Amino acid sequence: MTHRHAIAAPAVLGFLDGRPLPRTELDRRLAAMRAGPRSSALPLAGSSEDRQLTRWVAQVLLTEQLCEAEAAERGLDPSADPPARLDQRAAVELGSITAAAFEGSAAVRAVYRAVTAGVTAAPEAVATCRARRAGPDAPVPDTPSAQAGPPWRLSTPDGDFDAHPDSLPRDLAAALRAAPAGRQVTVRGWTATLVPAADPEPAADPAADPAVARLTDTARRAVFVHWLDTARARRLRLVPGLEHPGDPAQPDNHHRH
């Protein structure tokens, strides 16, 4: 007959910067889950799956406490932060532990915003997205106006028109470049005036494009996950029994086929 020895519950949740964190909140949350409306869906107490659930909740708590310490160090005040609910895509990109901590802790959300404040979608990702949206049959410009630089606005005796400088006679284009904008030049019978360019319109806000906004959100989540992984490795020390549920070295991480 084989006897299974129960794994003793660790006395602390873990260590943050060498400081022991009490297990009290972990036990409270687990008890609330057992007493809650979804208790029937939870694994059997004492089972391998139950220990994995305990590890998962412990990692959520450790993430929250790490971000609470980080928020305090950065001088962030998350007290007025509204609740958040992630969509499925965001939850998958963050991972279940980080997503749960993000939804449950204002400090996590505040640190997320601070860490990712300057992150935008990569230009090549935006270009690829827009090219796909244009479709495979979208024409590729090959006219002179598609060359580098904007076209010129020219005023001539025959009227005004736009032309790229490379489409003009070379000596006329050279004379127009050399003359101050607005001064008429005549070269070999061609007379033209380079009209001063109007002030450019403000650049469109990338956030106004939903596709670009989604790419930016994805990039920010990737940066935050990387930052959080680094901060966890540097500042947290886990204890036996409350390892990460995906740690291959812990005894309950196994697959049955």
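Residues numbered from 1 in each chain as written. Predicted model: local features only at pLDDT ≥ 70, side-chain atom pairs only at ≥ 80, totals over all residues. Heavy atoms only, no water.

K.L.:
When you look at the overall build of the protein in this model, what are you seeing that I'm missing?
P.N.:
Counting its secondary structure elements, the protein contains 8 helices and 7 strands. Within the protein, contacts between residues at least 6 apart in sequence are counted, and of these 64% link residues at least 24 apart. Of the accessible surface of the protein, which amounts to about 16400 Å², a share of 56% is contributed by carbon and sulfur atoms. (Helix = DSSP H or I, 4+ residues; strand = E, 2+ residues; numbered from the N terminus. Contact = heavy atoms within 4.5 Å. Areas by Shrake-Rupley, 256 points an atom, 1.4 Å probe, with all protein chains shown as cover.)

K.L.:
Where do I start with helix α8 (residues 210-235) in this structure?
P.N.:
Three- or four-residue spacings in an α-helix give side chains the same orientation, since the helix completes a turn every 3.6 residues. Taking 1.5 Å per residue as the helical rise, α8 with its 26 residues ought to reach 38 Å, and the 37 Å between its terminal C-alpha atoms agrees with that figure. For α8, the complete set of buried residues consists of A211, V212, T216, R221, F224, W227, L228, A231, R232 and R235. (Expected span 1.5 Å × (residues − 1). Buried < 20%, exposed > 50% of the residue type's maximum accessible area, 1.4 Å probe, protein only.)

K.L.:
Looking at this structure, I do not really get the pattern of salt bridges. What am I missing?
P.N.:
Pairing is possible between side chains of opposite charge, provided their charged atoms come close. Per the counting criterion, the structure on display carries 18 salt bridges. The salt bridge involving R29 is made with E64; its shortest N-O contact spans 2.7 Å. A residue pair is termed long-range when its members are at least 10 positions apart, and R29 in helix α1 (residues 24-35) and E64 in helix α2 (residues 48-74) qualify at 35 residues. The exposure class assigned to R29 is partly exposed, which follows from its relative accessible area of 24%. (Salt bridge = Lys/Arg side-chain N within 4 Å of Asp/Glu carboxyl O.)

K.L.:
Would you mind showing me how to read helix α7 (residues 170-178) here?
P.N.:
What α7 keeps buried is the set L172, A173 and L176. One face of α7 carries all of its buried residues, which in axial projection span an arc of 100°. With respect to the buried face of α7, the exposed residues turned more than 90 degrees away are R170, R177 and A178. For α7, the secondary structure elements touched by its buried residues are β3 (152-156), β5 (184-187) and β6 (190-194). (Arc of directions from axis to C-beta.)

K.L.:
Help me out: how do you make sense of the nonpolar core in this one?
P.N.:
Most often, soluble globular proteins keep nonpolar side chains buried together rather than apart. L13, L26, V111, F224 and W227 are the most contacted members of the largest nonpolar core, which has 36 residues in total. At the level of secondary structure, the elements contributing two or more residues to this core comprise β1 (12-16), α1, α2, α3 (88-94), α4 (96-104), α5 (106-116) and α8. Per-element tally for this core: the top contributor is α2, with 10 residues. The residues contacting W227, other than those within four sequence positions of it, are E70, R74, V111 and V115. Judged by nonpolar contacts, the second largest core, of 11 residues, contains L172, A179, V187 and A192. (Core = buried A, V, L, I, M, F, W, Y, C linked by side-chain atoms within 4.5 Å.)

K.L.:
Before we go on, may I ask you to explain the pairing of β5 in this structure?
P.N.:
Looking along a regular strand, one sees side chains alternate from face to face of the sheet. Burial along β5 is one-sided: the residues V185 and V187 are buried and none of Q184 and T186 is. As judged from the 4 bridges shared by β5 and β6, these two strands associate in the antiparallel manner. In the strand pairing of β6, Q184 is matched with T193. (Pairing = 2+ DSSP bridges.)

K.L.:
For this particular structure, what's the right way to read the packing of α4 against α5?
P.N.:
The geometry of α4 relative to α5 is characterised by a closest axis approach of 5 Å and an angle of 105° between their N-to-C directions. With respect to α5, the element α4 is oriented roughly perpendicular. Contacts from A101, F102, E103 and G104 in α4 reach A106, V108, R109 and Y112 in α5. (Axes fitted to C-alpha atoms, helices over the stretch in contact; angles between N-to-C directions. Parallel < 35°, antiparallel > 145°, perpendicular 65-115°, else oblique.)

K.L.:
Would you take a moment to explain the sheet that holds strand β2 (residues 19-22) for this structure?
P.N.:
Whether parallel or antiparallel, the strands of a sheet pair through hydrogen bonds between backbone atoms. Ordered in space as β2-β1-β7, the 3 strands form an open sheet in which the pairing is antiparallel. Edge positions in the open sheet fall to β2 and β7 (236-237), since each of these has one partner strand only.

K.L.:
How should the environment of V212 be read in this particular structure?
P.N.:
As for its position among the elements, V212 is in helix α8. For V212, a relative accessible area of 4% puts it in the buried group. Sequence-wise, V212 and A121 are 91 residues apart; in three dimensions their C-alpha atoms are separated by 7.0 Å.

K.L.:
So what exactly am I meant to see when it comes to the pairing of β1 here?
P.N.:
For β1, the tally of buried residues reaches 5 of 5 residues, placing the bulk of the element in the interior. By the bridge criterion, 4 bridges tie β1 to β2 in an arrangement that is antiparallel. Its bridge partner lying in β2, V12 is registered against P22. Counted along the chain from β1 to the antiparallel partner β2, the turn is 2 residues long, and its residue D17 has a positive phi close to 55°. Of the pairings in the sheet, the one linking β1 to β7 comprises 2 bridges and is antiparallel in character. Across the sheet, L16 pairs through a bridge with L236, a residue of β7.

K.L.:
Where do I start with the packing of aromatic side chains in this structure?
P.N.:
Any pair of aromatic rings gets described here by the distance separating the centres and the angle formed by the planes. The full count for this structure, using the stated rule, is 3 aromatic pairs. Measuring from centroid to centroid gives 5.1 Å for Y112 and F224, while their planes differ by 75°, and the two rings are edge-to-face. Highlighted residues: Y112 in helix α5 and F224 in helix α8, separated in sequence by 112 residues. Per residue, the accessibility class of Y112 equals that of F224, and both read buried. Aromatic side chains F224 and W227 sit 5.9 Å apart centroid to centroid with 15° between the ring planes, which places their arrangement in the stacked category. With a gap of 3 residues between them, F224 and W227 both fall in helix α8, about one helical turn apart. (Phe/Tyr/Trp six-rings, centres within 6.5 Å; stacked < 30°, edge-to-face > 60°.)

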